[in-house]
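Chain by chain, the residues:
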Amino acid sequence: MSLADHRSTLAPQGFLRVAINLGNPVLAQGDAGAPRGPSLELATALAQRLGVQARFTCHHAAASVVAAASENGWDLAFLAIDPARADRIAFSAPYVEIEGTYLVREDSPARHVADLDRDGLRIAVGRGAAYDLFLSRELHHATIERADTSAAAIALFDQQRLDAAAGVRQPLAAWAQMHPGHRVLADRFTAIQQAVAAPASRPDDALRALFDTVEAIKAGPLLGEAFARAGQAVTLVR
């Protein structure tokens, strides 16, 4: 069966409701009025193969996208694979890998990510982001300070002079470049694997057809060209 044969179960409203996370500028840029980027290009390609139109709803954090999954708020999304989300969300194989690392002040003694898991240190994170879920499991000494979004976490780090802000490398590096006296650590605490997501309640055969189509798209030029258009240097997962 082709992907279009599963139209009624994957897009039950007659169009594909796509959740876009503007909090991850590697995957989506712009604003709610005019979003753009690789997530939208991939969603459009999948909607075309499904034989429907894509309609986009923008969110400012991954936690908002995950919460909307519990309310039947979308048919397709783009999220990091994490076991804490697997009860509600089904994931394709990853299509891109991005690094989670730390932003620190220039005078910070930290040179490696391991230097920041120490008693008394405070690290800002975006609540519910993939790196929040990861660090909640892996940090044993440092304290996590949560903000509503990834951008707000950087502001919290700056305003309260926390020891570090955790996040995706590219936006952290862009912020550091605009704010002299800061740097991003060269190593990473995790490789965040981004995937196409669908509600776990969809039938297994429909999910297989959807994720097989993702694999077919991964084999072609679309993703590489989409990330290049967005000016994002990433590691594609074939």
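None of these values were measured; they are calculated from a predicted model.

(A) Quick look at the pattern of salt bridges. By the definition in use, this model includes 13 salt bridges. When the shortest N-O distance is used, the salt bridge between Asp75 and Arg202 registers 2.7 Å. A residue pair is termed long-range when its members are at least 10 positions apart, and Asp75 in the loop between helix H3 (62-69) and strand S3 (76-80) and Arg202 in the loop between strand S10 (190-199) and helix H7 (204-218) qualify at 127 residues. The same class applies to Asp75 and to Arg202, which are both buried. Glu97 serves as the salt-bridge partner of Arg188, at 4.0 Å between the closest nitrogen and oxygen. Of the two residues, Arg188 is situated in the loop between strand S9 (182-184) and S10 and Glu97 in strand S5 (residues 96-105); the sequence distance between them amounts to 91 residues. Given a relative accessible area of 39%, Arg188 falls into the partly exposed group. The class of Glu97 is partly exposed, set by a relative accessible area of 23%. Each of Glu97, Glu99, Arg169 and Arg188 takes part in salt bridges that share partners, so that together they form one network.

(B) Quick look at unusual backbone geometry. A positive phi angle, close to 55°, is found at Asn72, a residue other than glycine. Since its relative accessible area comes to 47%, Asn72 is described here as partly exposed. Positioned with a positive phi, Arg161 is a non-glycine residue whose angle comes to about 50°. Tracing the chain through its elements places Arg161 in the loop between helix H5 (150-159) and strand S8 (164-168).

(C) Fine view of helix H8 (residues 222-229). Every buried residue belonging to H8 is among Leu223, Ala226 and Phe227, and all of these are buried. All buried residues of H8 fall inside an arc of 95° around its axis, so they share one side. Of the residues in H8, the exposed ones pointing more than 90 degrees away from the buried face are Ala228 and Arg229. Those residues of H8 that are buried are in contact with helix H2 (38-50), S5, H7 and strand S11 (235-236). Once H8 ends, the next one or two residues include Gly231, with phi positive near 70°.

(D) Inspection of the pairing of strand S7 (residues 143-147) at higher detail. The pairing of strand S6 (residues 122-126) with S7 spans five bridges and is classified as parallel. Its bridge partner lying in S7, Ile123 is registered against Ile144. Handedness of the crossover joining S6 and S7 through helix H4 (residues 130-138) is recorded here as right-handed.

(E) Layout of the side chain of Arg85. You can see Arg85 is positioned in the loop between S3 and strand S4 (89-91). It is Asp82 that comes nearest to the buried, bridge-free Arg85 among opposite-charge side chains, at 5.7 Å. Setting aside chain neighbours within four positions, we find Arg85 in contact with Ala62, Val66, Leu79, Ala80, Phe91, Gly128, Ala129, Ala130 and Leu133.

(F) Molecular detail of H3. By the burial criterion, the buried members of H3 are Ala62, Val65, Val66, Ala68 and Ala69. Each buried residue of H3 lies within a common arc of 160° when the element is viewed along its axis, so the set occupies one face.

(G) Looking closely at the packing of H2 against H8. H8 packs onto H2 with a crossing angle of 150° between their chain directions and a minimal axis gap of 9 Å. Considering the angle they form, H2 stands roughly antiparallel to H8. With respect to the hand of their crossing, H2 and H8 are arranged in right-handed fashion. Two secondary-structure elements touch here, H2 through Pro38, Glu41, Leu42 and Ala45 and H8 through Leu222, Leu223, Ala226, Phe227 and Arg229. Looking at side-chain class alone, the contact of H2 with H8 contains seven nonpolar, no polar and two charged residues.

(H) Layout of the packing of aromatic side chains. Within the structure shown, the criterion is met by four aromatic pairs. Where Tyr102 meets Phe189, the ring centres are 4.9 Å apart and the plane angle is 45°; that geometry is what we call tilted. Here Tyr102, found in strand S5, pairs with Phe189, found in the loop between S9 and S10; they are 87 residues apart in sequence, far enough to count as distant. With a centroid separation of 6.4 Å and 70° between ring planes, the pair formed by Phe157 and Trp175 is classed as edge-to-face. Highlighted residues: Phe157 in helix H5 and Trp175 in helix H6 (residues 169-178), separated in sequence by 18 residues. On the basis of relative accessible area, Phe157 is assigned to the buried category, the value being 0%. Judged by relative accessible area, Trp175 falls into the buried class, the value being 16%. Each residue in the set Tyr102, Phe134 and Phe189 is aromatic and connected to the rest through ring pairs, giving one cluster. Positioned above the aromatic ring of Phe15 is the side chain of Arg55, whose terminal nitrogen or guanidinium carbon lies 3.8 Å from the ring centre.

Calculation rules
- Residues numbered from 1 in each chain as written.
- Predicted model: local features only at pLDDT ≥ 70, side-chain atom pairs only at ≥ 80, totals over all residues.
- Heavy atoms only, no water.
- Salt bridge = Lys/Arg side-chain N within 4 Å of Asp/Glu carboxyl O.
- Helix = DSSP H or I, 4+ residues; strand = E, 2+ residues; numbered from the N terminus.
- Buried < 20%, exposed > 50% of the residue type's maximum accessible area, 1.4 Å probe, protein only.
- Arc of directions from axis to C-beta.
- Contact = heavy atoms within 4.5 Å.
- Pairing = 2+ DSSP bridges.
- Right-handed = clockwise from strand over helix to strand, strands pointing away.
- Lys, Arg positive; Asp, Glu negative; His and termini not counted.
- Axes fitted to C-alpha atoms, helices over the stretch in contact; angles between N-to-C directions.
- Parallel < 35°, antiparallel > 145°, perpendicular 65-115°, else oblique.
- Left-handed = near helix turned anticlockwise from the far one by under 90°.
- Nonpolar A, V, L, I, M, F, W, Y, C, P; charged D, E, K, R; others polar.
- Phe/Tyr/Trp six-rings, centres within 6.5 Å; stacked < 30°, edge-to-face > 60°.
- Lys NZ or Arg CZ within 6 Å of the ring centre and 35° of its normal.

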